[in-house]
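Working through the structure, step by step
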Amino acid sequence: METALENLEPNSLWQHFGALSAIPRASTKEAAARDYILAEAARLGLEAIQDGVGNVVIRKPARPGRERAIAAALQGHLDMVCEKNEGTAHDFDTDPIRLIRDGDWLKADGTTLGADNGVGVAAALAVMESEDIAHGPLEFVFTIDEESGLTGASEFPNGLLKSQYFLNLDGEEEGTLCIGCAGAINTVARRKMERRPAVTGEGWRVRVCGLQGGHSGLDINRGRGNAVRILGRALQVLRDRLPVAVADMQGGSKRNAIPREAYATVVLDGGSEQELRSVVATAEAEIRSELGAFDPGVRITVEGVARPDRVLADADAGLVTGLLASLHHGALAMSPDVAGLVQTSTNLAIVSTRDDGVEIETSQRSAVESSKLAAARMVSTVFRMAGFEVEHSGSYPGWKPEPTSDIVRKAQAVHQEVLGKTPELVAMHAGLECGVIGEKHPGMQMISFGPHIVDVHSPSERLKISSVEPFWAFLKGLLERL
């Protein structure tokens with residue numbers, strides 16, 4: 001880790017990022033990271049507040065002469081998405097992230113990097129301990145459980161912050177200022193399934209792998225394959241051609257990630273192995289051709305496993321495989337106001353079978369509240385037509401863009417002055433905590449920005465090292481001019 005971060009500037013930011021990378025901080029398991037934040041506040045003699053769910057707010061007085069400046073809050077979330085490649089030996093509850101420097105990119109060894117949002121938290125900590133930034137009154141907001149449902153932001157106390165400006169450090173594209181984001185809702189369906197004994201045949205594992213996955217909002221319109229849908233399609237084809245019995249189906253791991261891997265255990269007479277492999281190979285070739293350069297690494301493999309004791313009843317197996325193959329995944333509507341921006345989407349995220357049933361998890365996003373709810377109704381209607389019980393949860397609001405607000409105009413001017421170019425104003429098809437916390441503090445003006453990070457929520461996540469110094473220079477310049 002020391003080698004990967006050696007001689008990088010700004011030193012304070014990278015030191016904090018390295019320390020955070022050594023601390024396991026999966027969603028809902030951020031206690032050690034929170035302790036690190038609180039220890040830093042205590043070391044610096046700053047006021048620290050912890051709310052009932054574990055969010056932390058730290059207050060730092062203005063530098064001498066800046067006491068009358070407008071108060072600003074710097075915000076980042078402590079948790080990270082925990083995804084790893086198949087075969088990677090890593091325990092996210094105990095192991096540090098293994099950092100690798102690859103030219104101008106920082107990445108992890110087979111896992112997510114945690115730059116989302118570790119680099120934003122590290123920047124806030126660097127400002128917190130700084131003695132050379134002429135800033136006004138500051139609040140530092142560190143939230144928990146952003147990645148699995150914005151729980152920290154949702155439970156954040158009303159009116160706790162004194163700041164007029166809110167600087168979210170969870171941006172991922174250099175040269176931009178984000179001024180709006182989508183809201184989201186989860187739609188989960190469950191259904192009891194009948195099983196019968198598997199008395200003959202051999203067990204086989206059909207696995208979909210090699211996909212890129214990615215963020216279910218930011219990457220939803222990039223044409224990448226969805227392992228759960230592909231598995232459903234492959235099983236449909238198999239059941240049409242062969243007397244295959246399905247024992248279980250598992251795929252996906254996070255509601256906010258496009259599923260990269262999925263598998264099913266099936267039972268089939270041993271004499272049909274060659275045809276089984278032939279049908280799967282044909283399906284793989286067709287899907288690879290359809291995905292093309294969007295997701296060229298897709299593979300569907302077959303391997304022998306122990307025969308399970310029980311399999312799904314044929315009718316139930318057909319129902320679930322057909323549903324997985326047919327549920328919509330991807331963009332539903334594009335923004336009429338921002339070119340290239342997805343306005344509404346749905347993500348088929350997770351499938352899991354148990355002894356007595358199956359559960360399918362999805363999420364819907366939209367910058368327009370009515371469209372978000374309409375998408376959730378569309379998905380739930382399909383589920384109910386298939387006899388599933390449906391539950392909605394985790395709904396949170398979007399953040400309406402205000403391109404002419406004072407903070408946006410000031411940020412544009414500072415960006416031009418410090419970095420020599422005017423930033424592009426963008427909105428994001430992803431959940432940011434700005435809308436949720438902003439709703440609890442009426443009148444607070446917000447922006448979001450950060451260094452350049454790609455392929456978040458997947459083991460391909462990478463941080464562009466050369467984008468961190470400009471991000472830091474802009475942040476410092478903005479704080480000195482508010």
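Here is a short report on the structure shown in this document. Here the structure is a predicted model, which is why all the values come from computation and not from measurement. (Residues numbered from 1 in each chain as written. Predicted model: local features only at pLDDT ≥ 70, side-chain atom pairs only at ≥ 80, totals over all residues. Heavy atoms only, no water.)

1. Comments concerning empty space enclosed by the protein
Note the following rule: Buriedness for pockets is judged along seven lines, at least five of which must meet protein on both sides within 12 Å for an open set on the 1 Å grid over protein atoms alone, while cavities are sets there where a 1.4 Å probe fits but cannot get out, and lining residues have an atom within 4 Å of a point. Grid points are joined across faces, edges and corners, and a volume is the space filled by probe spheres set on the points.
Going through the model one piece at a time under the given rule, you end up with one cavity of 30 Å³ or more. Of the voids in this model, the largest cavity is the one considered here, and its volume is about 40 Å³.

2. With respect to the packing of aromatic side chains
Stated precisely, the cut-off is as follows: The rule is short: rings of Phe, Tyr and Trp, with Trp giving its six-membered ring, pair when the centres are within 6.5 Å, and they are stacked under 30 degrees, edge-to-face over 60, tilted in between. Secondary structure elements are taken from DSSP: a helix is a run of H or I of four residues or more, a strand is a run of E of two residues or more, and numbering for both begins at the N terminus. Only protein chains enter the accessibility calculation, which uses a 1.4 Å probe; a residue is then buried when its area is under 20% of its type maximum, exposed when over 50%, and partly exposed in between.
One pass over the full model with this rule turns up four aromatic pairs. Taking 6.0 Å as the distance between ring centres and 85 degrees as the angle between the ring planes, the aromatic pair formed by Trp14 and Phe17 counts as edge-to-face. Taken as a pair, Trp14 and Phe17 lie in helix 2 (residues 11–21) at a separation of three residues, close to a single helical turn. You can call Trp14 buried: its relative accessible area is 1%. Phe17 sits in the buried class, given a relative accessible area of 1%. A ring pair is formed by Phe383 and Phe388, whose centres lie 5.8 Å apart and whose planes are at 45 degrees; its orientation type is tilted.

3. Brief notes about helix 9 (residues 369–385)
Defined as follows: Given a helix with a known number of residues, its expected span is that number minus one, times 1.5 Å. Here the arc refers to the set of directions running from the helix axis out to each C-beta atom. Whether two residues touch is decided by their heavy atoms; if any such pair falls within 4.5 Å, the residues are in contact.
Compared with the 24 Å implied by 1.5 Å per residue over 17 residues, the 24 Å span of helix 9 between its first and last C-alpha is a close match. Every buried residue of helix 9 is accounted for by Lys372, Ala375, Ala376, Val379, Ser380 and Phe383. Along the long axis of helix 9, the arc covered by the buried residues comes to 130 degrees, so they all point the same way. Across helix 9 from its buried face, at more than 90 degrees, point the exposed residues Ser370, Arg377 and Met385. For helix 9, the elements touching its buried residues are strand 9 (183–192), helix 8 (314–326), strand 18 (330–334), strand 19 (342–353), strand 20 (357–366) and strand 21 (389–396). Looking one or two places after helix 9, you find Gly387, whose phi comes out positive at around 85 degrees.

4. Some thoughts on the packing of helix 4 (residues 115–129) against helix 12 (residues 468–481)
Stated formally: Orientation is described by lines fitted to C-alpha atoms, with helices fitted over the stretch in contact, and by angles between N-to-C directions that extend from 0 to 180 degrees. Here the angle decides the label: under 35 degrees means roughly parallel, over 145 means roughly antiparallel, 65 to 115 means roughly perpendicular, and every other value means oblique. Left-handed describes a crossing in which the near helix is turned anticlockwise from the far one by less than a right angle; the clockwise case is right-handed. By the convention adopted, Pro, Cys, Tyr, Trp, Phe, Met, Ile, Leu, Val and Ala count as nonpolar, Lys, Arg, Asp and Glu as charged, and the other residues, Gly among them, as polar.
Close contact between helix 4 and helix 12 brings their axes to 11 Å; oriented N to C, the two are set at 45 degrees. On the basis of their axis angle, the class for helix 4 and helix 12 is oblique. The two elements helix 4 and helix 12 meet at a crossing, and its hand is right-handed. Seen from helix 4, the contacting residues are Ala123, Ala126 and Val127; seen from helix 12, they are Phe471, Trp472, Leu475 and Leu479. A breakdown of the residues in the contact of helix 4 with helix 12 according to their chemical character gives seven nonpolar, no polar and no charged.

So, to be careful, I would describe these as geometric facts and stop short of saying anything about function.
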